[in-house]
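For reference, the chains in residue letters:
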Amino acid sequence: AGRRADRRAGRLRIEWWREAHGRIHAGQPAPRHPVAEALAAAVERYHIERDSLAAMLDARVLDLDPSPPETIAALEAYGAGAGGGPAGRLFNCHT
């Protein structure tokens, strides 16, 4: 029961970030949260793509599933979303 509750709490947190992400990219004020406010400033300053952040959130959902990816393609998609593609673009946005 504990792991199931942890996964449920994790999904709720990810959903909160999806909503915050949607607001930020829609030009609405970020939720009153220091990380969300910093993210909003970074999105505006560096023009971070919506899809990059969405891919990272999608990968975090997969982290909540105790099952391993079923195919190599699923594993590659997870790897790209978890950090390979979007995180690389996010952390290289200082130029």
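Here the structure is a predicted model, which is why all the values come from computation and not from measurement.

**Q** So what's going on with helix H3 (residues 50-63)? Which residues, and what values?
**A** Helix length check: H3, at 14 residues, gives a terminal C-alpha distance of 21 Å against a target of 20 Å (1.5 Å per residue), a fit within 8%. Buried residues of H3: Ser52, Leu53, Met56, Leu57 and Ala59, and no others. Down the axis of H3, the buried set is contained in an arc of 155°. They therefore lie on one face.

**Q** Report on the environment of Arg18, specifying residues and quantitative values.
**A** By the element assignment, Arg18 lies in helix H1 (residues 2-25). A relative accessible area of 29% places Arg18 in the partly exposed class. Each C-alpha atom of the pair Arg18 and Leu53 lies 8.9 Å from the other, and the pair is 35 residues apart in sequence. When neighbours within four sequence positions are excluded, Arg18 is seen to be in contact with Ala54, Leu57, Asp58 and Val61.

What counts and what doesn't
- Residues numbered from 1 in each chain as written.
- Predicted model: local features only at pLDDT ≥ 70, side-chain atom pairs only at ≥ 80, totals over all residues.
- Heavy atoms only, no water.
- Helix = DSSP H or I, 4+ residues; strand = E, 2+ residues; numbered from the N terminus.
- Expected span 1.5 Å × (residues − 1).
- Buried < 20%, exposed > 50% of the residue type's maximum accessible area, 1.4 Å probe, protein only.
- Arc of directions from axis to C-beta.
- Contact = heavy atoms within 4.5 Å.

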